[in-house]
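# Understanding the architecture of this molecule
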Amino acid sequence: MSEWDIRFKGTIWTLEQQEQQDGRIFELARRTPGVRIMLVDNDKLLLNRESRHELAGSYDLRLPGGKVFDSLEDWLQVRDDPDELVEAAVQAAAREMHEECGVVIEPSDLRLLKRDINGGKGEWDLYYFHCSVFQLDPDGPAFSDTEAKEIDGWSWFDKEKARSQALDIEKGMSESRSARYVAAWADGMLE
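These remarks concern the structure in this document. Please read these numbers as outputs of a predicted model, since none were measured by experiment.

Conventions adopted
- Note that residues are indexed from 1 along each chain, following the sequence as it is written.
- Given that this is a predicted model, residues contribute local features only at a pLDDT of at least 70 and side-chain atom pairs are listed and counted only at 80 or more, while totals for whole chains, interfaces and linings are drawn from all residues.
- Each side-chain value is derived from all of the structure's non-hydrogen atoms; neither hydrogens nor water enter the calculation.
- Only protein chains enter the accessibility calculation, which uses a 1.4 Å probe. A residue is then buried if its area is under 20% of the maximum for its type, exposed if over 50%, and partly exposed in between.
- Runs of H or I in DSSP of at least four residues are treated as helices and runs of E of at least two as strands, each being numbered from the N terminus.
- Throughout, the protein atoms alone are placed on a 1 Å grid, and a set of points is a cavity if a 1.4 Å probe fits but cannot get out or a pocket if it is open with protein on both sides within 12 Å along at least five of seven lines; lining residues have an atom within 4 Å of a point.
- Grid points are joined across faces, edges and corners, and a volume is the space filled by probe spheres set on the points.
- Each residue is assigned to one class: nonpolar for Ala, Val, Leu, Ile, Met, Phe, Trp, Tyr, Cys and Pro, charged for Asp, Glu, Lys and Arg, and polar for all the others, Gly among them.
- A pair of Phe, Tyr and Trp rings is counted when the ring centres sit within 6.5 Å of each other, with Trp represented by its six-membered ring. The angle between the planes then sorts it: under 30 degrees is stacked, over 60 is edge-to-face, the rest tilted.
- Any Lys NZ or Arg CZ that is within 6 Å of a ring centre and within 35 degrees of that ring's normal is treated as a charge sitting over the ring.
- Basic side-chain nitrogens of Lys or Arg form a salt bridge, by our definition, when they fall within 4 Å of a carboxyl oxygen of Asp or Glu.

## Here's the deal with unusual backbone geometry
Despite not being glycine, Asn42 has its phi angle at roughly 50°, a positive value. Here Asn42 falls in the exposed class, since its relative accessible area comes to 69%. In this structure, Asp43 is a non-glycine residue whose phi angle is positive, near 65°. Along the chain, the position of Asp43 falls in the loop between β4 (34–41) and β5 (44–51).

So this is what it looks like as structure tokens:
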């Protein structure tokens with residue numbers, strides 16, 4: 001097998017090909033990684049209400065989070081170094097919490113739960129963090145232009161309500177990977 005060859009570069013995606021020993025060509029789309037933060041306070045979990053273009057502008061409940069890298073080139077420089085990726089994800093998680101929710105977190109207070117690998121022919125890793133030590137910025141969120149258009153507030157959910165939202169296929173969380181983590185938290189599996 002040959003190395004993966006980047007055939008196309010987008011803003012945050014690559015399309016890569018690899019020739020197999022039998023001559024077949026495998027293709028893989030890779031996206032820069034993202035972060036999701038499970039912010040817990042007094043047995044309640046913070047969820048954002050976000051307008052999502054993939055849901056035709058409908059609102060969705062989401063764990064706060066976002067991209068680790070704003071540029072494909074920044075990601076390509078470190079994507080083969082697991083330690084650099086985790087450090088970049090920690091910094092992104094702290095930044096995203098401040099931007100989206102006005103929550104100030106020290107990176108050292110973030111606990112990596114898991115690097116969730118979405119594999120197959122489309123690769124998009126999400127780094128899930130847990131945090132229960134934080135402060136609220138009196139000035140509120142530091143929204144970017146995009147976030148100001150997407151985020152329509154946030155709410156604290158107790159375990160029963162969070163689990164219900166995570167498992168409601170019709171009206172609950174549409175990001176199924178995050179829903180799995182929310183349900184696991186509600187069931188006491190992430191403490």
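## Here we look at the layout of surface pockets
Considering only enclosed or pocket space, the second largest pocket measures out at about 220 Å³ in volume. For the second largest pocket, the full set of lining residues is Arg30, Arg31, Pro33, Trp75, Arg79, Asp80, Pro82, Leu85, Arg115, Glu123, Asp125 and Tyr127. Those elements giving two or more residues to the lining of the second largest pocket turn out to be β3 (25–31) and α2 (82–101). For the lining of the second largest pocket, a count of residues per class yields five nonpolar, no polar and seven charged.

## Structural notes on the packing of aromatic side chains
In the structure shown here, the tally under the stated rule is two aromatic pairs. An angle of 10° between the planes, with centres 3.8 Å apart, marks the rings of Tyr128 and Tyr181 as stacked. Of the two residues, Tyr128 is situated in strand β11 (residues 126–131) and Tyr181 in helix α5 (residues 176–186); the sequence distance between them amounts to 53 residues. Exposure remark for Tyr128: the relative accessible area of 0% places this residue in the buried category. For Tyr181, a relative accessible area of 6% corresponds to the buried category. Relative to Trp156, the ring of Phe134 lies with its centre 6.1 Å away and its plane at 20°, an arrangement referred to as stacked. Highlighted residues: Phe134 in the loop between β11 and β12 (135–136) and Trp156 in strand β13 (residues 151–158), separated in sequence by 22 residues. In this structure Trp156 comes out as partly exposed when scored by relative accessible area, which is 34%. When the ring centre of Trp75 is taken as origin, the NZ or CZ atom of Arg79, which lies over that ring, is 5.2 Å away.

## Regarding the pattern of salt bridges
Overall, the coordinates contain 17 salt bridges when judged by the stated rule. When the shortest N-O distance is used, the salt bridge between Glu16 and Arg79 registers 2.8 Å. Of this pair, Glu16 sits in strand β2 (residues 13–19) while Arg79 is found in the loop between α1 (72–78) and α2, placing the two residues 63 residues apart along the sequence. By the burial criterion, Glu16 is buried, and Arg79 matches it. With a shortest N-O distance of 2.7 Å, Asp22 and Arg24 are connected by a salt bridge.

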